[in-house]
Amino acid sequence: MRKILYLCDRTIAIIRWNMKKNLVIVESPAKAKTIEKFLGNDYVVQSSYGHIRDLKKKNFSIDTESFEPEYEIPSDKQKVVQTLRKMASEAETVWLASDEDREGEAISWHLAQVLGLDESHTKRIVFHEITPNAIMEAIRNPRHIDRNLVNAQQARRVLDRIVGFKLSPVLWRKVKPALSAGRVQSVAVRLVVEREREILNFKGEDSYRVTASLFTTDNKEVKAELTHRFATKKEAEDFLETCKGADLRVSEIISKPTKRVPAPPFTTSTLQQEAAHKLGLSVAQTMMIAQRLYENGMITYMRTDSVNLSTLCLGACKQQIAESMGKEYVKTRNYHTSSKGAQEAHEAIRPTYMDRIKIQGSSQERRLYELIWKRTIASQMADANMERTVITIVNQNNKNDKYSFTAAGEVVKFDGFLKVYQTTNDNENNDEGNGNNILPPVQKGQELQVKEIVATQRFAQHPMRYSEASLVKKLEELGIGRPSTYATTITTIQDREYVVKGDKPGESVPYCILTLNGSDILHEEKTITLGAERNKLLPTDTGIVVNDFLEENFPEIMDYNFTADIEKEFDNIAEGKTEWTKVIRSFYQDFEPKVEQSLNTYNEHRVGERVLGNDPKTGEPVTVKIGRFGPVVQIGSTENEKKPRFAQLKAEQSMETITLEEALELFRLPRELGEFDGSIVKIGAGKYGPYINIDKMYISIPKEMDPMKISLEKAVQMILQQRLENAKKHLKSFPEDKDLEVLDGRYGPYIVYKKTNYKLPKAMHERAENLSYEECMEIVNNAPAPTQKKKKNKYS
């Protein structure tokens, strides 16, 4: 479908072209359609569909002497290049209008190189919003391609290729096949792993929090909290004893004005964080929606670490606020970016027109746009003026008591920017405080009646696991990555299954409540769930093992400061202060010997392998390690004649915490479920996980299913489903030769003869089920001699 759309676009472009004077090249079709609306008949806008060339996928593609990259035009971009080359050769002027960040600059440079553009007839234009004024202003002020920005992007691409291409084979040999490593991604995984271990090692102390429900003489409630927390139940109970018949009076009232200021307009990272908190969007979803809004001319460029707003936007905000809310709500602010490496764009993310409060589009587009509009308009609004009052309450019957109660309240005198927008922190509920209460009027020395005083046992909470949004915030704090890399980093570590997004159910624990009501102290016990978290980033066993291996053998790559310092080097390259190949050469000279040393180091045990003990029945060692298809427990050794047994860990189990008893429990398989169609149905466990077996059929059991709880009925259901799928796959067999059959595969029908696959010509695909024996054998006999692979039973 995508290919058909491209061919249609290409045909339309050629028809529309007809020797126009000006060719404008952008990177996306949606952006092209929006821009073309603003230009005259002398312009045609065409898309390059992203990068038109890149490093070769299967080769290292870097000269280790000069560090010059070797680029290729991918096969799916050949026709794009052919079209652009023809149109560029006929145009009087070519305008390169890719995005204004380093990636966009590199796209323009690659276009100039591949299309053989004459620099004197080629102009580079940039804009951070797609509006008629911005486009025409860019046309009036073209520039040349900035080679410093291009070199900064090349340096990042080459360094990441070196790290990935050199480290991945080390992981294949030392951990397991098909793993990969990346410079920024590995550090992101380290953050997640370290947080998980911090949680595992956390030992918090409990305490007792004391609150009082008090009333004035006119029956207005005052909620107060003791300024001290007690370490033990006895201490809390002793304090409540002193409160029996207490004469609680107001000893001090302090009121002072406070104000709250609005947050700056959005950068990439703050947009990703707020969209996650307020809209429930993942980082990748936020960037995808923002990209559409930008390409349709709704918002400014969405990859930026600048909080600056243009003079035009400031004026538009001032007018919009004054007209809709009043002049008293206006407060113009000029924000300045504190990030040293801010280079992705020149303005914050904002609506292109501030008087466009709502837009047409999908539900997600409308919601994200509204969030951006509110944040922008709020940043130019007056402060919220509050009055904060703190009341101190003491027990007059016990003047030697060193503890006092406080009640705090806050009243909004002028809402200011809060009329439009509150940041996430403003909305977070905090059951530990009462700072937002509205307090009734009281006077110093006034007596307050006690309804009840409650001492509640509280437990220290372990650090929160990272969400996608909080991990972005942490990466930004450490100076790791840039706006254009946050989303891809977080997506990549999940795609590689080093990190998964999931829930933690928490632990149910009892807690004690002591309530003083009148002269009686009541004891009550309830339960609370501690540590429950949703949609958090959790390290997998593979992620933990890879992280530990890289930290031990390549500490520089895993060092937070190194990754942040490299980003500063890229900034220096972008500013023309540093020659990019010197940075790469310096890194490579130290890195390459360590790769060779790691590859040639012999390890007695597999990386990450942990010995749990010995099997009490056989005396053989029990270990847990990363297998080819994930973490497994192994009983026995490959060095012995007896074949070792394997069992895959359950989804909720971890290599770091599994015990010997839990590991042995996994070997309760195989077990027989009963008979079906005259054959025994079994559930077994192999090196690659649990399975259902009947005759010679093996059916993998999904990770989310517990093999110990599968019934015969469920197993039969899965067997019938597998038979149905097998029947669909088998298109035709031949009674004259049982070794020959026609199957339907992932890429279409094909022939299997004597366990060897043969490609079926596309012209025969539609009639694959009706092929004759002679036709099939002709294909087999005329095919090149294939390399026959021995078929291995997955579960043996």
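All values reported here derive from a predicted model rather than from experimental measurement. (Residues numbered from 1 in each chain as written. Predicted model: local features only at pLDDT ≥ 70, side-chain atom pairs only at ≥ 80, totals over all residues. Heavy atoms only, no water.)

Undergrad: Go over the overall build of the protein, please, and point to the residues and values.
TA: Looking only at helices and strands, the protein has 22 helices and 28 strands in total. Referenced to the eigenvectors of the C-alpha coordinate spread, the extents of the protein come out at roughly 105 × 85 × 55 Å. Across the 796 residues in the protein, those meeting the buried criterion constitute 49%. For the protein, the proportion of contacts with a sequence separation of at least 24, taken over those separated by at least 6, is 71%. Here the protein displays about 41700 Å² of accessible surface, and carbon together with sulfur accounts for 48% of that area. (Helix = DSSP H or I, 4+ residues; strand = E, 2+ residues; numbered from the N terminus. Buried < 20%, exposed > 50% of the residue type's maximum accessible area, 1.4 Å probe, protein only. Contact = heavy atoms within 4.5 Å. Areas by Shrake-Rupley, 256 points an atom, 1.4 Å probe, with all protein chains shown as cover.)

Undergrad: Explain the sheet that holds strand β19 (residues 630–635) residue by residue, including any values.
TA: Overall, antiparallel pairing links the 4 strands, which are arranged β17-β18-β19-β20 in an open sheet. Two strands close off the open sheet at either side, each with one partner strand: β17 (610–614) and β20 (645–648). Ignoring which end each strand starts from, the neighbouring axes of this sheet average 30° apart. Direction of pairing for β19 relative to β20: antiparallel, over a ladder of 4 bridges. Its bridge partner being in β20, V632 is matched across the sheet by Q648. (Pairing = 2+ DSSP bridges. Axes fitted to C-alpha atoms, helices over the stretch in contact; angles between N-to-C directions.)

Undergrad: Would you mind going over the packing of aromatic side chains in detail, with residue names and values included?
TA: Both the distance between ring centres and the angle between the ring planes are used here to describe each pair of aromatic rings. Summed over the entire model, instances satisfying the criterion amount to 15 aromatic pairs. The interplanar angle of 65° and the centroid separation of 5.4 Å between the aromatic rings of Y691 and Y698 together place this pair among those described as edge-to-face. One aromatic cluster is present, built from ring pairs that chain together F230, F239, Y403 and F405. A cation over a ring is seen here: R190 above Y560, with NZ or CZ 4.0 Å from the ring centre. (Phe/Tyr/Trp six-rings, centres within 6.5 Å; stacked < 30°, edge-to-face > 60°. Lys NZ or Arg CZ within 6 Å of the ring centre and 35° of its normal.)

Undergrad: I'd like a description of the nonpolar core, backed by residues and values.
TA: Membership of the largest hydrophobic core comes to 128 residues, with the highest contact counts inside it found for F127, I162, I299 and L368. L248, F405, V442 and L516 belong to the second largest nonpolar core, which has 28 residues in total. (Core = buried A, V, L, I, M, F, W, Y, C linked by side-chain atoms within 4.5 Å.)

Undergrad: Explain the pattern of salt bridges residue by residue, including any values.
TA: Enumeration according to the criterion identifies 47 salt bridges in this entry. Two residues, E365 and R292, come together in a salt bridge whose shortest N-O distance is 2.6 Å. In this pair, E365 sits in helix α12 (residues 363–378) while R292 sits in helix α10 (residues 283–295), placing the two residues 73 residues apart along the sequence. We classify E365 as buried; its relative accessible area is 12%. On the basis of relative accessibility, which here comes to 29%, the residue R292 falls in the partly exposed class. The closest approach of N and O atoms between R668 and E665, which form a salt bridge, is 2.3 Å. Several salt bridges share partner residues, and in doing so they unite E27, K31, D99, D101 and R303 into one network. (Salt bridge = Lys/Arg side-chain N within 4 Å of Asp/Glu carboxyl O.)

Undergrad: Please provide a residue-by-residue account of the packing of helix α7 (residues 183–200) against helix α16 (residues 541–553), values included.
TA: At their nearest, the axes of α7 and α16 sit 10 Å apart, and the two run at 110° to each other. Between α7 and α16, the crossing angle belongs to the class labelled roughly perpendicular. Here α7 runs over α16; the crossing is left-handed. Contact residues: S186, V189, R190, V193, E194 and R197 in α7; G543, I544, N547, D548, L550 and E551 in α16. Tallied by class, the residues present in the contact of α7 with α16 amount to 4 nonpolar, 3 polar and 5 charged. (Parallel < 35°, antiparallel > 145°, perpendicular 65-115°, else oblique. Left-handed = near helix turned anticlockwise from the far one by under 90°. Nonpolar A, V, L, I, M, F, W, Y, C, P; charged D, E, K, R; others polar.)

Undergrad: Account for the sheet that holds strand β2 (residues 43–47), with residues named and values stated.
TA: Strand order in the open sheet formed by 4 strands is β2-β1-β5-β6, with parallel pairing between adjacent strands. Two strands lie at the open edges of the sheet, namely β2 and β6 (122–124), each paired on one side alone. Adjacent strand axes in the sheet meet at a mean angle of 25° when their direction is disregarded. In this structure, strand β1 (residues 22–26) lies alongside β2, joined through 5 bridges in parallel fashion. Following the sheet pairing, N22 is matched in β2 by Y43.

Undergrad: Please provide a residue-by-residue account of the environment of T542, values included.
TA: Looking at the element boundaries, T542 is found in helix α16. On the basis of relative accessible area, T542 is assigned to the buried category, the value being 8%. As a C-alpha pair, T542 and D63 span 479 residues in sequence and 32 Å in three-dimensional space. With residues near it in sequence (within four places) discarded, T542 still touches K176, L179, E497, Y498 and I626.

Undergrad: Describe α7, listing the residues and the values that go with them.
TA: With 18 residues, α7 extends 26 Å between its outermost C-alpha atoms, agreeing within 8% with the 26 Å of an ideal straight helix rising 1.5 Å per residue. Counting buried positions along α7 yields 14 of 18 residues, so the element is predominantly enclosed. (Expected span 1.5 Å × (residues − 1).)

Undergrad: Mind laying out a negative patch on the surface, listing which residues take part and the relevant values?
TA: Among the surface-exposed residues, D63, E65, E68 and E579 lie close enough to one another that they form a single negatively charged patch. With respect to the helices and strands, the residue E579 is situated in the loop between α18 (560–574) and α19 (580–600). Look at E579 and you get partly exposed, because its relative accessible area is 37%. (Patch = residues over 30% accessible without salt bridge, like charges linked within 9 Å, V, L, I, M, F, W, Y side chains within 5 Å. Lys, Arg positive; Asp, Glu negative; His and termini not counted. Charge placed at Lys NZ, Arg CZ, Asp CG, Glu CD.)

Undergrad: Lay out helix α14 (residues 468–478) with the relevant residues and their values.
TA: Those residues of α14 that sit buried are E468, A469, L471, V472 and L475. All buried residues of α14 project into a common sector of 165° when viewed along the axis, lining one side. Residues of α14 that are buried make contact with α7, α9 (268–279), α10, α15 (486–495), β13 (499–504) and β16 (533–539). The first or second residue beyond α14 is G479, which carries a positive phi of 75°. (Arc of directions from axis to C-beta.)

Undergrad: Go over the pairing of strand β11 (residues 405–414), please, and point to the residues and values.
TA: Pairing geometry for strand β8 (residues 221–226) and β11, over 2 bridges, is antiparallel. Bridge assignment links E225 to a residue of β11, and that residue is T406. Pairing between strand β10 (residues 384–395) and β11: 9 bridges, direction antiparallel. Note that in β11 the partner of T392 across the bridge is T406.

Undergrad: Tell me about the environment of G479, and please be specific about residues and values.
TA: Checked against the element boundaries, G479 lands in the loop between α14 and α15. What makes G479 partly exposed here is its relative accessible area of 21%. Each C-alpha atom of the pair G479 and S180 lies 23 Å from the other, and the pair is 299 residues apart in sequence.

Undergrad: Lay out unusual backbone geometry in plain terms, naming residues and giving numbers.
TA: Residue Y49 is not a glycine yet carries a positive backbone phi of 55°. By secondary structure assignment, the location of Y49 is in the loop between β2 and β3 (54–55). Exposure remark for Y49: the relative accessible area of 24% places this residue in the partly exposed category. A positive phi angle is found at N219, which is not glycine, with a value near 65°. Within the secondary structure layout, N219 lies in the loop between β7 (206–215) and β8.

Undergrad: Can you explain the confidence of the model for the protein? Please cite residues and give values.
TA: Looking at the protein as a whole, the pLDDT averages 89, with 93% of positions reaching at least 70. Here helix α1 (residues 2–17) stands out as the least confident element of the protein, with mean pLDDT 47; α12 is the most confident, with 97. Per-residue pLDDT stays below 50 along residues 788–796; that stretch engages in 12 contacts with residues further than four places along the chain or on separate chains. (pLDDT = per-residue confidence, 0-100.)

Undergrad: With reference to specific residues and values, describe the state of the cysteines.
TA: Counting across every chain of the model gives 0 disulfides. Between C317, a cysteine without a disulfide, and C313, which holds the nearest cysteine sulfur, the sulfur-to-sulfur distance is 3.9 Å. Owing to a relative accessible area of 0%, C317 belongs among the buried residues under this scheme. (Disulfide = S-S within 2.5 Å.)

Undergrad: Before we move on, could you go through the side chain of T300 and cite the residues and values that matter?
TA: Relative to the assigned elements, T300 resides in the loop between α10 and α11 (311–324). Apart from residues lying up to four places away in sequence, T300 is in contact with H128, E129, Y294, A348, I349, R350 and T352.

Undergrad: Tell me about the packing of α10 against α15, and name the residues and values.
TA: Following both chains from N to C, one finds α10 and α15 inclined at 140°, their axes separated by 9 Å at the closest point. In terms of their interaxial angle, α10 and α15 are classed as oblique. The element α10 and its partner α15 pack so that their crossing is left-handed. Here α10 contributes V283, A284 and M287 to the contact with α15, which in turn contributes A487, I490 and T491. Of the residues contributing to the contact of α10 with α15, the split by class is 5 nonpolar, 1 polar and no charged.

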